[in-house]
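# Structure at a glance
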Amino acid sequence: MIAAAVAVIRSSALRNNLQAVRRVAPGCRVLAVVKADAYGHGLTTVARILDAADGFAVARLEEALRLREAGIGQRIVVLGGCVGGDEVQQAIHQRLDLVVHTLDQVALLEALPAAPLDLWIKVDTGMGRLGLEPASLGEAQRRLGCWLAGRGTLRLMTHLASADVAGDPGTEAQLGQFASLAGAWPGDVSTANSAGILQWSRSWSRPADAGPQVNWVRPGLMLYGASPLSDRPAAEMGLQPAMSFETRLIAVRHLPRGRRVGYGGEWQARRDSLVGVAAAGYADGYPWHTPCNTPVLVAGRRAPVIGRVSMDLISIDLTDLPPARPGDRVVLWGDGLPVEEVAACTGRIAWDLLAGVSPRVMRLVED
Ligand SMILES: *Cc1c(COP(=O)(O)O)cnc(C)c1O
């Protein structure tokens, strides 16, 4: 028994969620997004478990290099691309795919001797973050085509800003613009993150007989078993939480009515109370801002967090639960308590809670 916060990573859930992606995106290839330490689940661990993915996507070169060092041989797409020639050299050497989202990056490549390299040209269709203006696509395509001279492939991608909003007109405009660019594009394309996969596939998927153009989907959050859609629980979509963030009670105390709990004494017992103290705090990635009454599961039952979250500890009101003991399991999110629910209670999003589980939390991989 470990009396500290641990993140139990379920391989079977990750594999199940990859299957769920394939079900909703039939005929597509899947780039499993494993940036930010695979959303806190462990970069190389997740890449090994998801070896059936068609490739991986990371934010930064350094993450891709770590995957190669760990012996991951699949396609790896560096979403941020490169800003220096030395980085491009490493990418070439390690057979990494680069996203090209500025004409500066086109020039960076042109300054180097041509090399076999697969490139993804990213256009900004409305996200307003990374991406070429659609008007520059032709120029980038021509120059990169010349530079590659058949040594590698060019693919086209974009990123959706509000795919989580059903019927969002901005997303419709983005998809409309991308469809017109993709119509004249000879190679593969890629549009959808998790919300795009779950909610917009009718708008971007093409009939199977539409030609050789392959669509690559880029799921992140849904692979980890959380829903990006506020009105559709993950379980309803066949997703299983891949992480159970849990700890143990290390003390159970009777506190008389009137006693205060934690820093600032913000919570005060309105009755004689049984209070549990669990070994997890904001240094583990449990949010400091967590308000009182955010649920945790103690030995499988819901109980409210009380008082302020400390660096290493939280307090829990156990008064209404069957007798609890030090050593009892406390689930902060995961099995039976979706991370989306904790995110909603704490004013956060599932992505940042998962990615925020700190390095000191041991990852335990289970089947
Ligand atoms: C992070 C990211 C994704 C995955 O997003 P989810 O919402 O987690 O599915 C896909 N594409 C790009 C470009 C990203 O940066």
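Residues numbered from 1 in each chain as written. Predicted model: local features only at pLDDT ≥ 70, side-chain atom pairs only at ≥ 80, totals over all residues. Heavy atoms only, no water.

## Thoughts on the pairing of strand E16 (residues 314-317)
Rule in force here: To sort residues, take the accessible area from a 1.4 Å probe on protein chains only and compare it with the maximum for the residue type: under 20% means buried, over 50% means exposed, and anything in between is partly exposed. Helix and strand definitions here come from DSSP, where helices need a minimum of 4 consecutive H or I residues and strands a minimum of 2 consecutive E residues; each element is numbered from the N-terminal end. Paired strands are those between which DSSP finds at least two bridges.
Of the two faces of E16, the one lined by Ile-314 and Ile-316 and the one lined by Ser-315 and Asp-317 are each fully buried. Of the strand pairs in this sheet, strand E13 (residues 273-278) and E16 are connected by four bridges, and their pairing is antiparallel. In the strand pairing of E16, Ala-278 is matched with Ile-314. In this structure, strand E15 (residues 301-306) lies alongside E16, joined through two bridges in antiparallel fashion. Bridge pairing in E16 links Ile-306 to Ser-315.

## Structural notes on the layout of surface pockets
Selection rule: Cavities and pockets were defined on a 1 Å grid built from protein atoms only: a cavity is a group of points that admits a 1.4 Å probe but offers it no way out, a pocket is an open group of points flanked by protein on both sides within 12 Å along at least five of seven lines, and a lining residue is one with an atom within 4 Å of any such point. Grid points are joined across faces, edges and corners, and a volume is the space filled by probe spheres set on the points. Note on residue classes: Ala, Val, Leu, Ile, Met, Phe, Trp, Tyr, Cys and Pro are nonpolar, Asp, Glu, Lys and Arg are charged, and everything else, Gly too, is polar.
Of the volumes computed, that of the largest pocket is approximately 670 Å³. As for the largest pocket, its lining consists of 28 residues, of which Lys-35, Tyr-39, Arg-129, His-159 and Asn-193 are closest to the centre. Looking at the lining of the largest pocket, the elements with two or more residues in it are helix H2 (35-39), helix H9 (194-204) and helix H11 (350-355). Of all the elements, H2 adds the most residues to the lining of the largest pocket, at three residues. Classifying every residue of the lining of the largest pocket by side-chain character gives 17 nonpolar, six polar and five charged.

## Quick look at the packing of aromatic side chains
Applicable threshold: Each aromatic pair joins two rings of Phe, Tyr and Trp (for Trp, the six-membered one) with centres within 6.5 Å, and gets the label stacked for planes under 30 degrees apart, edge-to-face for over 60, and tilted for any other angle.
In total, this model carries three aromatic pairs according to the counting rule given. Judged by centre distance (4.7 Å) and plane angle (25°), the rings of Tyr-39 and Tyr-224 are stacked. Here Tyr-39 is found in helix H2, whereas its partner Tyr-224 is found in the loop between strand E9 (215-217) and strand E10 (243-255), with 185 residues between them in sequence. For the pair formed by Tyr-39 and Tyr-224, the shared burial category is buried. Between Trp-120 and Trp-216, the ring centres sit 5.5 Å apart and the planes meet at 85°, which makes this aromatic pair edge-to-face. Of this pair, Trp-120 sits in strand E6 (residues 119-122) while Trp-216 sits in strand E9, and the two are 96 residues apart along the sequence.

## Observations regarding the packing of helix H8 (residues 169-183) against H9
The cut-off we apply is this: In this analysis an axis means a line fitted to C-alpha atoms, helices contributing only their contacting stretch, and an angle means the value between N-to-C directions, from 0 to 180 degrees. Note that the term roughly parallel is reserved for angles under 35 degrees, roughly antiparallel for angles over 145, roughly perpendicular for angles of 65 to 115, and oblique for everything else. If you view the pair so one helix is near and one far, a crossing is left-handed when the near helix is turned anticlockwise from the far one by less than a right angle, and right-handed when it is turned clockwise. Two residues form a contact once any of their heavy atoms are found within 4.5 Å.
Where H8 meets H9, the closest approach of the two axes is 10 Å, and the angle between their N-to-C directions is 45°. The orientation of H8 relative to H9 falls into the category oblique. In this structure, the crossing between H8 and H9 has a hand that is right-handed. Between H8 and H9, the contacting residues are Thr-171, Glu-172 and Leu-175 on the first element and Trp-200, Ser-203 and Trp-204 on the second. The class makeup of the residues in the contact of H8 with H9 is three nonpolar, two polar and one charged.

## A closer look at the site of the ligand
This is how it is decided: What makes a residue near a molecule or strand is one non-hydrogen atom of that residue sitting within 4 Å of it. The definition of a polar contact used here is a pair of N or O atoms within 3.5 Å, where within protein one atom must be able to donate a hydrogen and the other to accept one, and adjacent residues in sequence count solely through side-chain atom pairs. Reported accessibility uses the Shrake-Rupley method at a 1.4 Å probe radius. Residues are deemed covered only where the shown protein chains occlude them. For this analysis, a molecule is said to be in a pocket or cavity if more than half of its atoms are within 2 Å of the grid points defining it.
Not every one of the 13 residues close to the ligand is listed here, only the nearest: Lys-35, Tyr-39, Ser-194, Gly-220 and Leu-221. A distance of 2.5 Å is found between an oxygen atom of the ligand and a side-chain nitrogen or oxygen belonging to Ser-194. The backbone of Leu-221 places a nitrogen or oxygen atom 2.8 Å from an oxygen atom of the ligand. Isolated, the ligand exposes 390 Å² of accessible area, and the fraction of that covered by the protein chains is 91%. Among the cavities detected, the one that contains the ligand is the largest pocket.

## Brief notes about the pattern of salt bridges
Formally: Counted as salt bridges are all cases of a side-chain nitrogen of Lys or Arg within 4 Å of a carboxyl oxygen of Asp or Glu.
For the structure shown, the criterion picks out 19 salt bridges. Residues Arg-66 and Asp-37 are paired through a salt bridge, measuring 3.8 Å at the closest nitrogen-oxygen approach. Highlighted residues: Arg-66 in helix H4 (residues 61-69) and Asp-37 in helix H2, separated in sequence by 29 residues. Measuring nitrogen to oxygen at the nearest pair gives 2.6 Å for the salt bridge that ties Asp-97 to Arg-75. In this pair, Asp-97 sits in strand E5 (residues 97-100) while Arg-75 sits in strand E4 (residues 75-78), placing the two residues 22 residues apart along the sequence. On the basis of relative accessibility, which here comes to 4%, the residue Asp-97 falls in the buried class.

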